[in-house]
Amino acid sequence: MAKRLEPIRKSTEDRLDDLLSGFREASLRNEGAKYVGRAIDSSDSMPNAVKFFAYALLAGESPDEDVALDALGKAEGYIAVAREEMGRRLTKELPELRFLERGIALRSDRAEFEEAVRLCDLALDLGLGLPYERRKASLLRML
C-alpha cells in the first residue's frame, strides 16, 4: 500500500509572500484588486494576519468605492492580529499599503469628516506619521 502524502503546510509569512507577489504581478496588468478579491473568496483557511493584508490591498485598489470601504472596515478588524502575529513584517509593508489613504479620501469626498479624522488617528497610531498629521489638521479645519 502506498504512503499517503501529507499536505504541504505553509507558514503565515509564506502565505503573505504568495499574496503580495501575486498581487504585484496582477497589478502590472491592472488586475490587482481582482486578484486579491479572488484570493479572499477562494481561501477558507487564510490566516487572519494575512487577511489584514488582503483586505488592505483590496481597500486600496478596488475601483468600486463601496467595496473599498467594506474592505477597509474588514482590514481594520484584523489589524490587531497582524500586529501580534507579524509585527515586524507589518511595519515593513505598511507604508506601501494605500488602504488608509484611500479610506480618508473616500470619507472626505462623502463629507464624513469625523470618520476621515478617525482614520488619520489610526494611521498615526500605526506610525505612518507626518502626511497623516497634515491631513488630519486639514480635516479638522473642515469640521
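Below is a short write-up of the structure. (Residues numbered from 1 in each chain as written. Predicted model: local features only at pLDDT ≥ 70, side-chain atom pairs only at ≥ 80, totals over all residues. Heavy atoms only, no water.)

**Here's the deal with the packing of helix α5 (residues 99–109) against helix α6 (residues 113–125)**
Our working definition: To get an axis, fit a line to the C-alpha atoms, keeping to the stretch in contact for a helix; angles then go from 0 to 180 degrees between the N-to-C directions. Helix and strand assignments come from DSSP, with helices taken as H or I runs of at least 4 residues and strands as E runs of at least 2, each series counted from the N terminus. When describing relative orientation, an angle under 35 degrees is termed roughly parallel and one over 145 degrees roughly antiparallel, while 65 to 115 degrees is termed roughly perpendicular and anything else oblique. Each crossing is labelled by how the near helix is turned from the far one, with a counterclockwise turn of less than a right angle marking it left-handed and a clockwise turn marking it right-handed. Pairs of residues are marked as contacts when any of their non-hydrogen atoms sit within 4.5 Å. Under this grouping Gly is polar, as are all residues other than the nonpolar Ala, Val, Leu, Ile, Met, Phe, Trp, Tyr, Cys and Pro and the charged Asp, Glu, Lys and Arg.
Running from N to C, α5 and α6 point in directions that differ by 165°, and their axes come no closer than 8 Å. Classed by the angle they form, the pair α5 and α6 counts as roughly antiparallel. Viewed along their axes, α5 and α6 form a crossing whose handedness is left-handed. Within the contact between the two elements, α5 uses L100, G103, I104, R107 and S108 and α6 uses F113, E115, A116, L119, C120, L122 and A123. Residues of the contact of α5 with α6, tallied by class, amount to eight nonpolar, two polar and two charged.

**Points about the pattern of salt bridges**
Oppositely charged side chains can pair when the atoms bearing their charge come close. Under the convention used in this document: Here, a salt bridge means any Lys or Arg side-chain nitrogen found within 4 Å of an Asp or Glu carboxyl oxygen. When a residue's accessible area, from a 1.4 Å probe over protein chains only, is under 20% of the maximum for its type it is buried; when over 50% it is exposed; and in between it is partly exposed.
In this structure the tally under the stated criterion is 16 salt bridges. Across the pair R98 and E61 runs a salt bridge, and its minimum N-O distance is 3.3 Å. Pair noted here: R98 is in the loop between α4 (65–93) and α5 and E61 is in helix α3 (residues 48–61), with a separation of 37 residues, a long-range link. Note on E61: relative accessible area 34%, which makes it partly exposed.

**Focus: helix α1 (residues 12–27)**
Spacing of three or four residues puts side chains on the same side of an α-helix, whose turn is 3.6 residues. Inclusion rule: One less than the residue count of a helix, multiplied by 1.5 Å, gives the span that helix is expected to have. Along the arc lie the directions from the helix axis toward the C-beta atoms.
The terminal C-alpha atoms of α1 lie 22 Å apart, and with 16 residues this matches the ideal 22 Å at 1.5 Å per residue to within 8%. Of the residues making up α1, those classed as buried are L16, L19, L20, G22, F23 and A26. Within α1, the buried residues cover an arc of 165° as seen down the axis, which keeps them to one side. Along its buried surface, α1 packs onto α2 (32–42), α3 and α4.

**Comments concerning the side chain of R102**
As a reminder of what qualifies: Polar contact is defined as a pair of N or O atoms within 3.5 Å, subject to the rule that within protein one atom must be able to donate a hydrogen and the other to accept it, and that residues adjacent in sequence are counted only when both atoms are side-chain atoms.
Tracing the backbone shows R102 in helix α5. One polar contact links the side chain of R102 to the main-chain carbonyl oxygen of A59, over a distance of 3.2 Å. With sequence-adjacent residues up to four places away left out, R102 is seen in contact with A59, G60, E61, S62, P63, E65 and A68.

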